[in-house]
Amino acid sequence: MGGRKLVPAALFCLVLAMLPSHAVTVAVMSVDLGSEWMKVAIVKPGVPMEIVLNKESRRKTPTAVCLKENERLLGDNALGVSVKNPKSVYRHLQSLLGKKHDNPQVALYQKRFPEHHLQEDPARGTVCFKNSEEMQYTPEELLGMVLNYSRGLAQDFAEQPIKDAVITVPAFFNQAERRAVLQAAQMAGLKVLQLINDNTAVALNYGVFRRKDIDNTVKNVMFYDMGSGSTTATIVTYQTVKTKEAGTQPQLQIRGVGFDRGLGGFEMDLRLRDHLAKLFNGQKKSKKDVRENHRAMAKLLKEAQRLKTVLSANMDFMAQVEGLMDDIDFKAKVTRAEFEELCADLFERVPGPVQDALSTAEMKLDEIEQVILVGGSTRVPKVQEVLLKAVGKEELGKNINADEAAAMGAVYQAAALSKAFKVKPFLVRDAAVFPIQVEFTRETEEEGVKSMKHNKRILFQRMAPYPQRKVITFNRYSDDFAFYINYGDLSFLSQEDLSVFGSLNLTTVKLSGVGNSFQKHADAESKGIKAHFNMDESGVLLLDRVESVFETIVEEKEEESTLTKLGNTISTLFGGGSSEPAPNVTEPVQDEEEVPPESGKDGKDEEGKGEAKTDEAAKDKQEDSEKSAGEEKSQEKTDDAGSKTDAKEEKDGEKSGSTEAEKDVEKKAKPQKKSKISEDITVELIINDILDPTADDLTSSKKKLQDLTDRDLAKQEREKSLNSLEAFIFETQDKLYQEDYQLVVSEEDKEQISAKLSEASEWMDEEGYTATTKQLREKLSQLKSLCKDMFFRVEERRKWPDRLAALDSILNTSSFFLRSAKMIPEDDQIFTEVELNMLEKVINETTTWKNETVAEQEKRSPKERPILLSKDIESKLALLDREVNYLLNKAKFAKPKAKAKAKNSTSSEKSSKANSTAEEKVIPPTEESTDTKSESPEEVQPGEAPPTEESTLHTDSDSQSQPTEETATTGPTENAQPENHIDDEL
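Residues numbered from 1 in each chain as written. Predicted model: local features only at pLDDT ≥ 70, side-chain atom pairs only at ≥ 80, totals over all residues. Heavy atoms only, no water.

Another point: the packing of helix α6 (residues 265–283) against helix α7 (residues 294–311). Taken N-terminus to C-terminus, the directions of α6 and α7 make an angle of 120°; their axes are 8 Å apart at the nearest point. Classified by the angle their axes make, α6 and α7 are oblique. The chirality of how α6 crosses α7 is right-handed. Contacts from Gly265, Phe266, Met268, Asp269, Leu270, Leu272, Arg273, Asp274, Leu276 and Ala277 in α6 reach Met297, Leu300, Leu301, Glu303, Ala304, Gln305, Leu307 and Lys308 in α7. Split by residue class, the contact of α6 with α7 holds 11 nonpolar, 2 polar and 5 charged. (Axes fitted to C-alpha atoms, helices over the stretch in contact; angles between N-to-C directions. Helix = DSSP H or I, 4+ residues; strand = E, 2+ residues; numbered from the N terminus. Parallel < 35°, antiparallel > 145°, perpendicular 65-115°, else oblique. Left-handed = near helix turned anticlockwise from the far one by under 90°. Contact = heavy atoms within 4.5 Å. Nonpolar A, V, L, I, M, F, W, Y, C, P; charged D, E, K, R; others polar.)

This brings us to empty space enclosed by the protein. Evaluated as defined, the whole model comprises 6 cavities of 30 Å³ or more. Roughly 110 Å³ of internal volume is contained in the largest cavity. Forming the walls of the largest cavity are 14 residues, and the residues nearest its centre are Gln175, Arg178, Ala432, Val433 and Gly539. Secondary-structure elements contributing two or more residues to the lining of the largest cavity are α4 (175–187) and β22 (427–432). Across the lining of the largest cavity, the residue classes break down as 10 nonpolar, 3 polar and 1 charged. (1 Å grid on protein atoms, 1.4 Å probe; cavity = no way out; pocket = protein on both sides within 12 Å on 5 of 7 lines; lining within 4 Å. Points joined across faces, edges and corners; volume = space filled by probe spheres on them.)

In a structure, side chains of opposite charge can pair up when their charged atoms sit close to one another. Going through the model one piece at a time under the given rule, you end up with 38 salt bridges. Among the salt bridges present, the one from Lys68 reaches Glu71, with a minimum N-O distance of 3.8 Å. For Lys68, a relative accessible area of 34% puts it in the partly exposed group. The residue Arg306 makes a salt bridge to Glu303 at a minimum N-O spacing of 2.7 Å. Here the residue Arg306 and the residue Glu303 both occupy positions in helix α7, the gap between them amounting to 3 residues, near one helical turn. Arg306 sits in the partly exposed class, given a relative accessible area of 37%. By relative accessible area, which is 7% here, Glu303 ends up buried. In the salt-bridge network here, residues are joined through shared partners; they are Lys68, Glu71, Lys715 and Glu719. (Salt bridge = Lys/Arg side-chain N within 4 Å of Asp/Glu carboxyl O. Buried < 20%, exposed > 50% of the residue type's maximum accessible area, 1.4 Å probe, protein only.)

In this fold, Gln194 is placed in strand β14 (residues 191–197). Not counting chain neighbours up to four residues away, the residues in contact with Gln194 comprise Ala165, Val166, Ile167, Gln413, Leu417, Glu537 and Ser538. Of note is the side chain of Gln194, whose polar atom sits 3.0 Å from the side chain of Gln413. (Polar contact = N/O pair within 3.5 Å; in protein donor to acceptor, adjacent residues only side chain to side chain.)

Below, the discussion takes up the packing of aromatic side chains. Using the criterion set out here, one finds 27 aromatic pairs in the structure. Both rings, one in Tyr206 and one in Tyr238, keep their centres 5.8 Å apart while their planes meet at 45°; by these two values the pair is tilted. With a gap of 32 residues between them, Tyr206 in helix α5 (residues 198–208) and Tyr238 in strand β16 (residues 231–243) connect regions that are remote in the sequence. A relative accessible area of 4% places Tyr206 in the buried class. A residue is classified by how much of its surface remains accessible, and Tyr238, at 2% relative accessible area, is buried. Consider the rings of Phe474 and Tyr477, whose centres lie 6.2 Å apart with planes at 70°: the pair is edge-to-face. (Phe/Tyr/Trp six-rings, centres within 6.5 Å; stacked < 30°, edge-to-face > 60°.)

So, on to the sheet that holds strand β12 (residues 136–137). Strand order across the open sheet formed by 3 strands is β10-β11-β12, with antiparallel pairing between neighbours. Strand pairing shows two members of the sheet lacking a second neighbour, β10 (118–120) and β12, which therefore form its edges. (Pairing = 2+ DSSP bridges.)

Per-chain confidence: the chain averages 79 in pLDDT, with 76% of residues scoring 70 or above. Confidence drops under a pLDDT of 50 for residues 665–670, and excluding neighbours within four residues, the segment shows 8 contacts in the predicted structure. Counted against residues more than four places away or in other chains, residues 901–986, with its pLDDT under 50, gives 69 contacts. (pLDDT = per-residue confidence, 0-100.)

Along any regular strand, the residues point their side chains to alternate faces of the sheet. With 7 of its 8 residues buried, strand β15 (residues 219–226) lies for the most part within the structure. With 8 bridges connecting them, β15 and β16 associate as antiparallel partners. Following the sheet pairing, Asn220 is matched in β16 by Thr237. Once β15 ends, the chain turns through 4 residues before running back antiparallel as β16. Examined bridge by bridge, β15 and strand β20 (residues 370–374) share 5 bridges and lie parallel to one another. By the bridge assignment for β20, Met222 is matched with Val371.

On the secondary structure map, Ser88 appears in the loop between α1 (76–84) and β9 (89–90). A distance of 3.0 Å separates the side chain of Ser88 from the backbone oxygen of Asn85, its partner in a polar contact.

Another point: α6. With 19 residues, α6 ought to run about 27 Å at 1.5 Å a step, and its terminal C-alpha atoms sit 27 Å apart, in line with that. Within the span of α6, buried status applies to Gly265, Phe266, Glu267, Met268, Asp269, Leu270, Leu272, Arg273, His275, Leu276, Ala277 and Phe280. Two residues or fewer past α6, Lys284 is found with a positive phi of approximately 55°. (Expected span 1.5 Å × (residues − 1).)

Turning our attention to the packing of helix α3 (residues 139–158) against α4. The geometry of α3 relative to α4 is characterised by a closest axis approach of 8 Å and an angle of 55° between their N-to-C directions. With respect to each other, α3 and α4 are oriented oblique. As for the relative orientation of α3 and α4, their crossing is right-handed in sense. On α4, the residues that touch Glu140, Glu141, Leu143, Gly144 and Leu147 of α3 are Ala180, Gln183, Ala184, Ala185 and Met187. A class-by-class count of the residues in the contact of α3 with α4 yields 6 nonpolar, 2 polar and 2 charged.

This brings us to the pairing of β16. Within β16, 11 of the 13 residues are buried, which leaves the element mostly enclosed by the surrounding structure. For β16 and strand β17 (residues 247–260), the ladder comprises 13 bridges, and the chain directions are antiparallel. When the bridges of β17 are listed, Ala233 appears paired with Gly258. Once β16 ends, the chain turns through 3 residues before running back antiparallel as β17.

So, on to the environment of Phe492. Within the fold, Phe492 resides in the loop between β27 (482–487) and α13 (495–501). Apart from residues lying up to four places away in sequence, Phe492 is in contact with Val433, Phe434, Pro435 and Arg462.

A few words now on unusual backbone geometry. Between Tyr466 and Pro467 the backbone carries a cis peptide bond, its omega angle lying at 5°. Inspection of the secondary structure assignment puts Pro467 in the loop between β25 (464–466) and β26 (468–474). Of note in this structure, Lys284 is not a glycine but carries a positive phi near 55°. Classification of Lys284 as exposed rests on a relative accessible area of 71%. For Met463, which is not glycine, the phi dihedral falls at a positive 65°. Here Met463 shows up in the loop between β24 (449–460) and β25. Take Met463: its relative accessible area is 14%, and that puts it in the buried class.

Here it is in C-alpha cells:
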C-alpha cells in the first residue's frame, strides 16, 4: 500500500505523509497549557499546523471548570459562571500541581480564591477541593477534565478521533509537577507523546519559520515570556549541525533559563481588583465591605482584567460595574500611572529572569542578538519599557505570535514524534533546569577505625541536555543496600522559591538480591552494581533497571585471523560486540576504563527497546559522559582515600588512559578471553516528594471523569429532545391556522390534533421539565404519528407544480426528439425500429397515466389521501430520461455510412497485402506504442463507442491512405477509450 504525500506551503516546513488506508486516526494535537488560558493546535493530512477554534470560534480557551450539583461546564461557559457563582468554578489549577497541603503556594491560592475549601489528601498529603460533603476533586482530576475538553475541541475541528498529544509545561516544573500533568492526561485518556517546555516550544516555532536563516554560525536569541502566572527568560542557540542520517540540519539548544514563579499578569489583575474594591468602599455607597462578598469581588476581577487591557493602549479609563453589590452601581476613573504605581514592585522584578538566564548560560548581553517577547502580559507598556532598559537593545522583537507560538511549536514536535507524518528534521536539545544527584553511605576504615561515609555523585548537572541515559556503578557493595536520588545544589534559587519547590528528596532505592548474586557467581570477578537511569523526552527521571555485573575468564577459542580479531576489537570498542551502531552512547559517572564496553552494552539494550535517538543527541551524551566521568574520577579519589588497593586501581586507570595506543592494545587482548555476566537486582522505590496515585486511585478518577462525561452527554440528549418537543408543539399549533394546512385537514382532525397539542403543552409545563429523555421522545413520536397524514398531504401538494411542470417539459422534448428521429432518411438512420417504438410506447403510456391520474386527483377531496404522488411522477421522469439519453448517446458516437469508401479501402488493402500483413496482425491487442497515439489524435473519442463502429472509423481516413496508416489510427482508438474512462471504471 503506497502512502499518499501531501506537501503544504513551504512556510510551514512540514511534509505530511498519509499512512496506509487501514490507519483510522492519524491526526495529532498539542495543548499549550497556561495557568489562565490554553491554546490547542492540530496537524492532520491536508492541514499542516492549525490553531483549533473552540465552540465560541475563539482561538484560546479558559482553563476553567465549573461543577454544580447536576451540571458541569468548561472553558468560556465556566468562566461566565465565575461571576455569578465563583464558588463552583475552579481556575489557575497549574499552581497546585505536585504541591503538598502545607506548601506556601497552596496558602497563596487560598488567599486569592477564599471561596474554595481546600482539604488535605490523607494518603498523599496533597490538596483536594471539597465540592460537596460526599464529592471532592484533586487538581489532577480537574486538569484532566480540561484536557479531555481540549481533546473534544480538537476532534470536532479535525473531524476525526485524536489520542496523541504534546503538552507544554513551564520549564521550571520539577519532577512531581511533571508527573502530575502526566497523571491528569492519563485520566483524560490522552496518550502524551511528550511534555515539552513551553520556552522550548516557542524556540522551535521560531526556528521552523526561519530555517533558511540558520547556518553554521552560532546565533543566540533570548525569549522573554511573561504569561498570566509566571515569567521565564530563555537563551537559545541556533546553528546547523551534521548528522549521519539526515546530513546538515538546523538545531536549537537551550543554553540558559531564568524564571520568576510569581511574576505574571494575574497578580497585576488582582492588584487592580483590590484597588477598585478600595475605591468602591471609599465611595461609602454601602455599609458592607465589598471585599467580603465573593460574588462582588469576582465582578471586580473581571472588570480589572478588562481595565488592564485597555490601559495598555490608553492613559486612563473609566471602570464601571452595574449592580456590584446590593444593586449599587460602581464607576471610577483609573489612570495608567495609578496602575503602574500599584505594580511598581512587580515591574522591578522584570529584569530578574534575564540576569538569571545570562548567569546560567555564562553569557553576556552583547552575545544576545535579539530579545523576543512572548506571552500576553508582555503587552503591558511598562513591562516593555523596563525590559528594554535592562537588555540594552534598540528594540524588542515582536515578530512571532505571542499567544500561539508555544502551541504551534508543540504541534510541530507532535507531528515529528508521530508515526503518521514526516517532518523536516529540526534537532532540539532541551536542558534540565534542576540538577539531580545520587547519595549513599558506606562503611570505611581509617587507621583501624570504622566509620560511615556519606557520598554524593552528580547524575544530571544543571542545564544537562535530555533525553539522556546514564549509568552509575557501585563498586564497594557485596550485600543488599540502599541509595537515594535527590536534587543537587539548588543554591541558585531564592529562599521563597525553595519553599515553593517542595521536597528536595526524590526517591529512596532499596536493592535486594545483591548478596545472592555474589554467592551465585563467587568464582567470577565483580564489576560492580550498575544502576541505569533515563531522563526521558518529558524531563521525567526514571530508574530503568539495576544489575549486578560479573566478569569471568573463559577458555580461548581457536586462533582467529588477524582481520577477524581487528573487526571484533573495533566492534567491542564502539558497540559492545554489536554489529549495529549504538544510538545513545552515554556512560557518565563511571570509571573511565569501563566506559566503552558498558557504553556499548547500554546501547544494545536501548536498541532492544526500540528507542531511537538522533546522532546529535548521542554526541551530546558522549560529551556529557566525558565531563561527568572526569568529575566521578575525582570523587572516586576522595571516596577511596583510605584504601591502598583502590588507589592502585586508580593509578592503573590513569596509566591505561594516558595513551590511546596502550588502551587499544589492552582492548584488543582481553575481549576474547573474558565473558560478562549480568543479573537483575530487585528494586523497591520509595517516593519521597509526592506520592503517585495508586492504580485503584487512577481507576477511580477515570471512572469519576467518565461518569461526568456520560452525564453531560445524557444531559445534552435530554435538552435536545426537550427542545425538539417544544418546537414541534409550537410549530404545529401555528401550522393549523395556515391556509395550506387548513385545506387538507378536516374540522374533526383539526380539533383532535389541536387537543393533543394542548394536552402535550400542559404536560410540558407541569411534568416535561423533569421528564426523562425516553418520555420526551415517546411524547414527540406520538404527536408526529398523529400529524403524519396532514403533513404528507401538504408536502405532496407543494411538490406537484414543479414535478408536473418537469414531466410536461420532458414529454414535449421526448416527442420532438421522436418526430425528428423518424424523419431521418432510411440510408442514414442510426436508430432501429425497435428503439423508436420503445420510446414512443413510453411517451404514450406516461401521457396517458398523467392525464388520467391528474383528472382522478381533481375529483378527490384535498382532505383525502392523494393518488397523485410525487414519487410516481419522479419514477416516470426517470424512465423517460433514461430512454431519451440512451438514444442521444447512440447518436453522439454514430458515424455516417459510407459503403463505397469502405470498399475502396478494402481493395487498397488487398493491393498492398504484402506490406500490410504484419500491421493487420497487430490490430487486436489493446495496448499500442505511444508513437501511434500522436499520429491521429482526432480519432480519439471522449466516450465509449460501440465495438461495431470500429470499422467505420477507418472509412473517415483518406481513401489513398496506406494500410500502415490505417493500422496506426486503429491503435489509438482502441487504446484511448480505457485511458479516458479510467475514472469511471474505478
